[in-house]
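# Analysis of the macromolecular model
Listed below, chain by chain, are the residues.
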Amino acid sequence: MMINWRKTVPLLLAAVLLIVLAACGNKGKDEDKLATVKFSEVIRSIFYAPHYAAMSQGFFEDQGLNVDMNTSQGSDKGAAALIAGTADISLVGPETSIYIYNQKGDKKLKVFHQLTSKDGSFLLSREKVDQFKWSDLQGKTVIGWRPGSAPQMVLNSTLLKEQVKDVDVVTNLAAPAMAGAFTSGQGDYIQLFEPVASTLVQEGKAYYAASMAEAFGPFPETSYVATSDYIKDNPDIIQKFSNAVAEGAKWLGTASDEDVTKALKPFFEGTPDDLILKSVESYKNQNTWSTNPELTQAQFDTLQNVLIENGVLKAEEKVANMDEIVDMSFVKNIGKSD
């Protein structure tokens, strides 16, 4: 039998086109099932590895969420995004909720998931210092973080505790510019998060001096925060978001080195695999990611005491009832069936 290709080929092409359109249509329907969450992270750091793991491993998608992420470069900017409505959820310092609460405005921010329980920065020196002592900072210049930020306050409180005076802490540089300023010759010390800290050390441009987490101790540094209105209107999304992050933290604790590298690599392009793993291990060794992501009363008290000590909160402005700006009900429901 002779096949009439002039008639057959157009029919085959039409059939293929229908299959492609059907596949695209199904894909669109699948994507439509995901609720999009506009998410703002404070900075890009392996300090927040559980979140990236949840994204790369599909834990958010499993919960029916599509996370649209951007980096705000500051807790103040992350909080502003929530107030303006350009973000639904922000990963910021929980102190921002206190600041907004005391402004007595129309919007109130609430912490619903505590991601980190220690400060994540490391103090690096320009010259190698054997057996670093905090008194070594006297008369020196430290490139630090913006005033009122968690790492800046942790450093300042440590200096007060160690009774170190005459330290010039530079606080007017944007986060992305800090490492460049140091490598170009500014400052004697610098306070950095991973993987930037280990990158400078590996390149021979800095030397490890101290861990702020070890120096200061427990501190509720970064939390997931949303407006009270968003939480009230979208409790299912908040619960699913918390579930996914908790799954990411759990996965990170048991995954192989190869899987961890593969999961985090897309978020840290250009960072060598060994530095990614070294950064994760550094944070694990400091118990950065608690198995119970709850902001406790003790942690909240520590936070407010640090704010008062650093002069950004008056004693009379302390939030007496933590529940005004903290909602841990979603954390307590993690792992529970509907």
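Residues numbered from 1 in each chain as written. Predicted model: local features only at pLDDT ≥ 70, side-chain atom pairs only at ≥ 80, totals over all residues. Heavy atoms only, no water.

Read from one edge to the other, the open sheet built from five strands follows the order 7-6-8-5-9, with strand pairing classed as mixed. The open sheet has two edge strands, strand 7 (168-170) and strand 9 (207-211), and neither has a second partner. Going across the sheet, the axis of each strand differs from the next one's by a mean of 30°, ignoring polarity. For strand 6 (residues 141-143) and strand 8 (residues 189-193), the ladder comprises two bridges, and the chain directions are parallel. By the bridge assignment for strand 8, Ile-143 is matched with Ile-190. (Pairing = 2+ DSSP bridges. Helix = DSSP H or I, 4+ residues; strand = E, 2+ residues; numbered from the N terminus. Axes fitted to C-alpha atoms, helices over the stretch in contact; angles between N-to-C directions.)

Of note, the bond from Glu-194 into Pro-195 is cis; its omega dihedral lies within 30 degrees of zero at 10°. Along the chain, Pro-195 turns up in the loop between strand 8 and helix 8 (196-202). Of note in the backbone geometry, Gln-131 takes a positive phi value of approximately 50° without being a glycine. Its place among the elements puts Gln-131 in the loop between strand 5 (121-125) and strand 6. Overall, the relative accessible area of 73% leaves Gln-131 in the exposed class. The phi torsion at Asp-166 lies on the positive side, around 60°, for a residue other than glycine. Looking at the element boundaries, Asp-166 is found in the loop between helix 6 (150-161) and strand 7. (Buried < 20%, exposed > 50% of the residue type's maximum accessible area, 1.4 Å probe, protein only.)

Turning next to the sheet that holds strand 4 (residues 109-114). Taken together, the five strands give an open sheet; going across it, the order is 2-1-3-10-4, and neighbouring strands pair in mixed fashion. In the strand order of this sheet, the two ends are held by strand 2 (65-71) and strand 4, each with one partner. Across the sheet, the mean angle separating the axes of adjacent strands is 30° when strand polarity is ignored. Sitting on the sheet, helix 4 (residues 75-84) is in contact with strand 1 (35-41), strand 3 (89-92), strand 4 and strand 10 (223-227), with an inclination near 165° to strand 3. (Contact = heavy atoms within 4.5 Å.)

From the geometry alone we can't say anything about function, so treat these as descriptive.
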